Amino acid sequence: SCRETHGSGARYHEELAKQLSTFLSGFIEKEGGFITLTDVYCRFNRARGMELISPDDVFQAAQILEKMNLPVRLRKFDSGVLVIQSVSHSEEEMIQKTYSQVEEAGSLSSEELSQLLNMALTLARERLLLAEQSGKLCRDDSLEGLRFYPNKFVEMEST
């Protein structure tokens, strides 16, 4: 086991970070470039079988991904949601793709985007909020719930 070979502490977490990075490289791009830390923890342990890793160890390893120059890094959204994000995944690209999907549909809620992209509701919401922060989308928070629309004012300014 990793802990038996590397003990505990820094060396153990560095080895775990490498394993996490390798594990995630198989599917993180298919997930839209990022995945919640909770989901990483569940999938990683499911794949390991009997050699389970604690949530704290996964968190410790995630915190050093960037420092170790691995192709993934830990990111905390403004809402507090922790995700592991692919370094190669462009935020601008993600914002543009989210904008295109909202534009095509006319408007979208987090739930609708989640179903459309087959991704966790939390991540769909973060994508919409990110696109809103960039100015590409605007929101309507009504009794029916929170919906996002293409921001026509930004489009008018750029023409």
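Since we're looking at a predicted model, the values are computed, not measured. (Residues numbered from 1 in each chain as written. Predicted model: local features only at pLDDT ≥ 70, side-chain atom pairs only at ≥ 80, totals over all residues. Heavy atoms only, no water.)

Draft legend 1. Region of interest: the sheet that holds strand E2 (residues 72-76). The sheet built from three strands is open, its strands ordered E1-E3-E2 with antiparallel pairing. Two strands close off the open sheet at either side, each with one partner strand: strand E1 (34-36) and E2. When strand polarity is set aside, the average angle formed by the axes of neighbouring strands in this sheet is 30°. Bridge analysis of E2 against strand E3 (residues 82-86) gives five bridges, and the strand direction is antiparallel. Across the sheet, Arg-75 pairs through a bridge with Val-83, a residue of E3. Packing of helix H7 (residues 121-133) onto the sheet brings it into contact with E1, E2 and E3, and relative to E1 it is tilted by some 125°. (Pairing = 2+ DSSP bridges. Helix = DSSP H or I, 4+ residues; strand = E, 2+ residues; numbered from the N terminus. Axes fitted to C-alpha atoms, helices over the stretch in contact; angles between N-to-C directions. Contact = heavy atoms within 4.5 Å.)

Draft legend 2. Region of interest: helix H6 (residues 110-117). Every buried residue of H6 is accounted for by Ser-110, Leu-113 and Ser-114. Considered in projection along H6, the buried side chains sweep an arc of 105° and stay on one side of the axis. Facing away from the buried side of H6, by more than 90 degrees, are the exposed residues Gln-115 and Leu-116. Of the surrounding elements, those touching the buried residues of H6 are helix H5 (91-105) and H7. (Buried < 20%, exposed > 50% of the residue type's maximum accessible area, 1.4 Å probe, protein only. Arc of directions from axis to C-beta.)

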